[in-house]
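Chain by chain, the residues run as shown.
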Amino acid sequence: MTAEPAGRVPRDLLLRHLSTWVPAALRQARRATFVQAYQGPPGATADAALRAVADHPELVTGRHLTVVTVTSSGAEADPTGLPAAVTAHLLPGGPELLPVAVTAAAAANAPLLCHLDLAGGPLPGPAVWRASTAGRPAELLVVGAASSAELRPVLTTAGFPLVSVVELVPGGGVGQVDGGTAYPVAFATGSGKRIEAFKEALWEVGPAGWGLRAADDPQTTAVPGPEPDTAVAGQEPDHGLATLRDRLYAHLVECGSRTVAELRSFTVTGTVHRAADANRALAGLLAADQVQRRPADGRLAGDVEITPTAPAAGGRTPSTA
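First, a word on what this report is: a plain description of the structure on this page. (Residues numbered from 1 in each chain as written. Predicted model: local features only at pLDDT ≥ 70, side-chain atom pairs only at ≥ 80, totals over all residues. Heavy atoms only, no water.)

1. Details of the nonpolar core
- Counting residues in hydrophobic clusters, the biggest one holds 44 residues, and the most contacted among them are Leu13, Leu18, Trp21, Phe34, Leu65, Leu141 and Val185.
- Element by element, the count of residues in this core is highest for helix α1 (residues 9-28), at eight residues.
- Leaving out residues up to four positions away in the same chain, Val185 has contacts with Leu13, Leu141, Val142, Val143, Ser164, Val165, Val166 and Phe198.
- Of all hydrophobic cores here, the second largest spans 28 residues; its members include Val102, Ala105, Ala158 and Ala186. (Core = buried A, V, L, I, M, F, W, Y, C linked by side-chain atoms within 4.5 Å. Buried < 20%, exposed > 50% of the residue type's maximum accessible area, 1.4 Å probe, protein only. Helix = DSSP H or I, 4+ residues; strand = E, 2+ residues; numbered from the N terminus. Contact = heavy atoms within 4.5 Å.)

2. Brief notes about the sheet that holds strand β7 (residues 183-189)
- Taken in spatial order, the eight strands make up an open sheet running β3-β2-β1-β4-β5-β7-β6-β8, and their pairing is mixed. Among the strands making up the open sheet, the edge pair consists of β3 (86-91) and β8 (210-214). Between one strand axis and the next, the sheet turns by 15 degrees as a mean value, whatever way the strands run.
- Examined bridge by bridge, strand β6 (residues 162-170) and β8 share five bridges and lie antiparallel to one another. Paired with Val169 across the strands is Gly211, a residue of β8.
- Each of β1 (31-38), β2 (64-70), β4 (112-117), β5 (138-143), β6 and β7 touches α1; the most contacted strand, β1, lies at about 165 degrees to it.
- Each of β5, β6, β7 and β8 is contacted by helix α6 (residues 192-205), which is oriented at about 5 degrees to β6, the strand it contacts most. (Pairing = 2+ DSSP bridges. Axes fitted to C-alpha atoms, helices over the stretch in contact; angles between N-to-C directions.)

3. Description of helix α5 (residues 151-158)
- Along α5, the residues classified as buried are Leu151, Leu155 and Ala158. For α5, the buried positions fall inside an angular range of 60 degrees around the axis, keeping them on one side.
- Residues of α5 that are buried in the fold lie against α4 (126-131), β5, β6 and β7.
- Gly159 sits one or two residues past α5 and shows a positive phi near 120 degrees. (Arc of directions from axis to C-beta.)

4. Some remarks on the packing of aromatic side chains
- A complete count under the given rule lists one aromatic pair for this structure.
- Centroid distance Phe187 to Phe198: 4.8 Å. Interplanar angle 15 degrees. Geometry classified as stacked. Separated by 11 residues along the polypeptide, Phe187 in strand β7 and Phe198 in helix α6 bring together distant segments of the chain.
- Above the ring of Trp203, the side-chain terminus of Arg274 is found at 4.1 Å from the ring centroid. (Phe/Tyr/Trp six-rings, centres within 6.5 Å; stacked < 30°, edge-to-face > 60°. Lys NZ or Arg CZ within 6 Å of the ring centre and 35° of its normal.)

5. What about the pairing of β1?
- With seven of eight residues buried, β1 is to be regarded as a mostly interior element.
- Note: β1 against β2, seven bridges, orientation parallel. For Ala37, the partnering residue across the bridge sits in β2 and is Val70.
- Bridge analysis of β1 against β4 gives six bridges, and the strand direction is parallel. In the sheet register, Gln36 faces β4, and the bridge partner there is His115.

6. Thoughts on unusual backbone geometry
- Cis rather than trans, the peptide bond between Arg136 and Pro137 has omega equal to 5 degrees.
- Summarising the element assignment, Pro137 is placed in the loop between α4 and β5.
- Put simply, Arg294 and Pro295 share a cis peptide bond, and its omega is 5 degrees.
- As for its position among the elements, Pro295 is in the loop between β10 (291-294) and β11 (305-308).
- The phi torsion at Ala106 lies on the positive side, around 50 degrees, for a residue other than glycine.
- With respect to the helices and strands, the residue Ala106 is situated in the loop between α3 (98-104) and β4.
- The class of Ala106 is partly exposed, set by a relative accessible area of 48%.

7. Considerations on the sheet that holds β10
- With respect to topology, three strands assemble into an open sheet ordered β9-β11-β10, the strand pairing being antiparallel. Every interior strand has two partners, whereas the edge strands, β9 (258-259) and β10, have only one.
- Inspection of the sheet shows β9 paired to β11 by two bridges, in the antiparallel sense. The residue bridging Thr259 from the neighbouring strand is Glu305, located in β11.

8. Section: the environment of Val53
- If you trace the backbone, Val53 turns up in helix α2 (residues 45-53).
- On the basis of relative accessible area, Val53 is assigned to the buried category, the value being 0%.
- In the structure, Val53 is positioned 34 residues away from Ser19 in sequence and 7.5 Å away in space, judged by C-alpha atoms.
- Residues within four places of Val53 in sequence aside, it is in contact with Leu18, Val22, Phe34, Leu59, Leu65 and Val67.

Written out as structure tokens, the structure is:
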């Protein structure tokens, strides 16, 4: 696994996700739990996450956040200097101890975010995944698995309704991969808003020179974020929307019709793109008469039904790129 630039992505992604999860969790409930577990040395990530959760105005009287760090080197997550509303525990071990951490923190039936850094190792056993679903609601971020192939079925079987599995791959622009090792990233939740927040965070922290690839579609990649010095004045960057248009059209041909809300959900769970990108891609398909909408006029709201038009000769409508 390449150390740089992929090595900083787990930390940056976790910190960015925590910046939205902590406020959302503490607005929803009086207590919440964050469990982070590392298969190998966490470097600066564990302590950075511990510091990040403590810096939120939602941590007021009557609100409480418990943080459990599971790592073989607990000194890398120093609990000193935290506000009274944050309780931190250090537990020696690895991700296999997640059930113990969740139980010790009394995390059931309150907002729970679990973060597992597998450091290129195999997936842990079923008890770990079951424990990660104990929260109400529950979210799970998994980075650094040896392979992305098993992540979606494992997380779905554990009970997460919404799962996104992507790979960070070395390469240039769309469709270009240099053959280096892919870095799997997975997120599981029951909330459409939270999986959209994850995808936004992922696009924000993706390093230049790397691409995002859907784990179940290894032939496609998209560049996360703007490419420097390539944008045309007055035009929004494409960021692989031609690929997304093709994916949405193929999905519609297979399914017959879908609402905009369903297509947005498919986009965040089945592609590398964000929910907002789905609307942009659909606008392109509509402009090219590749799909039809019902009702025919008005805002492209979630309940608008989208149906594919007849495909061109050969069974596929050409891309609108």
